[in-house]
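Observations on the three-dimensional arrangement
Residues per chain, in single letters:
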Amino acid sequence: RGFHAFHAMEKSEQRLRLFFDATEEGIFGINSEGMITFANSSCLEMIDRRLAQDIIGKRVDSLFQYTPRGDKNSAKSSGFFLDPVRFGRTMSSDDGFFEVTDGPAFYAAARVYPIITEEIPTGAVVFFNHNLKPLFAGEALLGCRTCGSPGQGPDHGGHGSAGAGAHRAAQY
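Below is a short write-up of the structure. The model shown is predicted, which means the values in this text are computed figures rather than measured ones.

It is worth spelling out the overall build of the protein at this point. Within the protein one finds five helices and six strands. Scanning the protein from its N terminus toward the C terminus, one meets helices and strands in the order α-β-β-α-α-β-α-β-β-β-α. For the protein, with 172 residues in total, the buried portion stands at 39%. Of all intrachain contacts in the protein linking residues separated by at least 6 positions in sequence, the fraction that spans at least 24 positions is 44%. Of the roughly 10300 Å² of accessible surface on the protein, a fraction of 54% belongs to carbon and sulfur atoms.

What follows is the structure, given as structure tokens:
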């Protein structure tokens, strides 16, 4: 009897994993301590990681930052990911900026849904995807962190191994 229950649960987990890995959206989970508990393959691809073990068990605020458009106060805040766990409310932004520590940075839409158990937030599930065309209408786009080039985004990849000097020389 216990074997059948375990086997059924294992099959259910496999189906859920297939569902998560079939979507183009990046998805990861956070527990009540802000630790990442799972990540789908799209998440790993977008954040330039090969294995889920590279992020599972790490604090979300040490790996990711998300700044919704117009939110000038949270440039380096992870409240977007942690507030749903703390306060049990959904966070959503159609246009913001997603930064990965020691990794890529890109415009993204993001939603964070709290997991509520017996009326207490116990974690959250994060969904995000690239915004190929930023929705920052009427606002200046972020400049490159290395060279300050406007409208390029924080890491536009225009430096190669030569660094900012080569990029600046190519612009003039």
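Having seen the structure, we can now continue with the description.
Assignment of secondary structure puts Asp83 in helix H4 (residues 79–87). Here the side chain of Asp83 touches Arg86 through a polar contact of 3.1 Å, side chain to side chain. Each residue touching Asp83, except ones within four places of it in the same chain, is listed here: Gly88 and Arg89.

This part is about the sheet that holds strand E5 (residues 105–117). Spatial ordering of the open sheet is given by E2-E1-E6-E5-E4-E3, a layout of six strands whose pairing is antiparallel. In the strand order of this sheet, the two ends are held by strand E2 (36–39) and strand E3 (64–68), each with one partner. Between one strand and the next, the sheet's axes are offset by a mean angle of 35°, whatever the strand orientation. With ten bridges joining them, E5 and strand E6 (residues 120–130) adopt antiparallel strand pairing. Opposite Arg111, over in E6, you have Phe127 as the bridge partner. Contacts between H4 and the sheet are confined to strand E1 (26–31), E3, strand E4 (91–100), E5 and E6, with E6 contributing the most and set at about 155° to the helix.

This next bit is on the pairing of E1. Judged by how many residues are buried, E1 sits mostly within the fold: five of six residues are covered. In this sheet, E6 lies alongside E1 in antiparallel orientation, the contact comprising six bridges. When the sheet's bridge partners are listed, Gly26 is paired in E6 with Phe128. Joining the antiparallel neighbours E1 and E2 is a turn of four residues, in which Gly34 adopts a positive phi near 80°.

The buried count for H4 comes to seven of nine residues, which makes it a mostly enclosed element. Among the residues of H4, those classed as buried are Gly79, Phe80, Phe81, Leu82, Asp83, Pro84 and Val85. Along its buried surface, H4 packs onto E1, helix H3 (60–63), E3, E4, E5 and E6. Looking one or two residues beyond H4, the residue adopting positive phi is Gly88, at roughly 70°.

Attention now goes to unusual backbone geometry. Unlike most non-glycine residues, Asp48 shows phi in positive territory, near 60°. Position of Asp48 among the secondary structure elements: in the loop between helix H2 (41–46) and H3.

Conventions used here
Residues numbered from 1 in each chain as written. Predicted model: local features only at pLDDT ≥ 70, side-chain atom pairs only at ≥ 80, totals over all residues. Heavy atoms only, no water. Helix = DSSP H or I, 4+ residues; strand = E, 2+ residues; numbered from the N terminus. Buried < 20%, exposed > 50% of the residue type's maximum accessible area, 1.4 Å probe, protein only. Contact = heavy atoms within 4.5 Å. Areas by Shrake-Rupley, 256 points an atom, 1.4 Å probe, with all protein chains shown as cover. Polar contact = N/O pair within 3.5 Å; in protein donor to acceptor, adjacent residues only side chain to side chain. Pairing = 2+ DSSP bridges. Axes fitted to C-alpha atoms, helices over the stretch in contact; angles between N-to-C directions.

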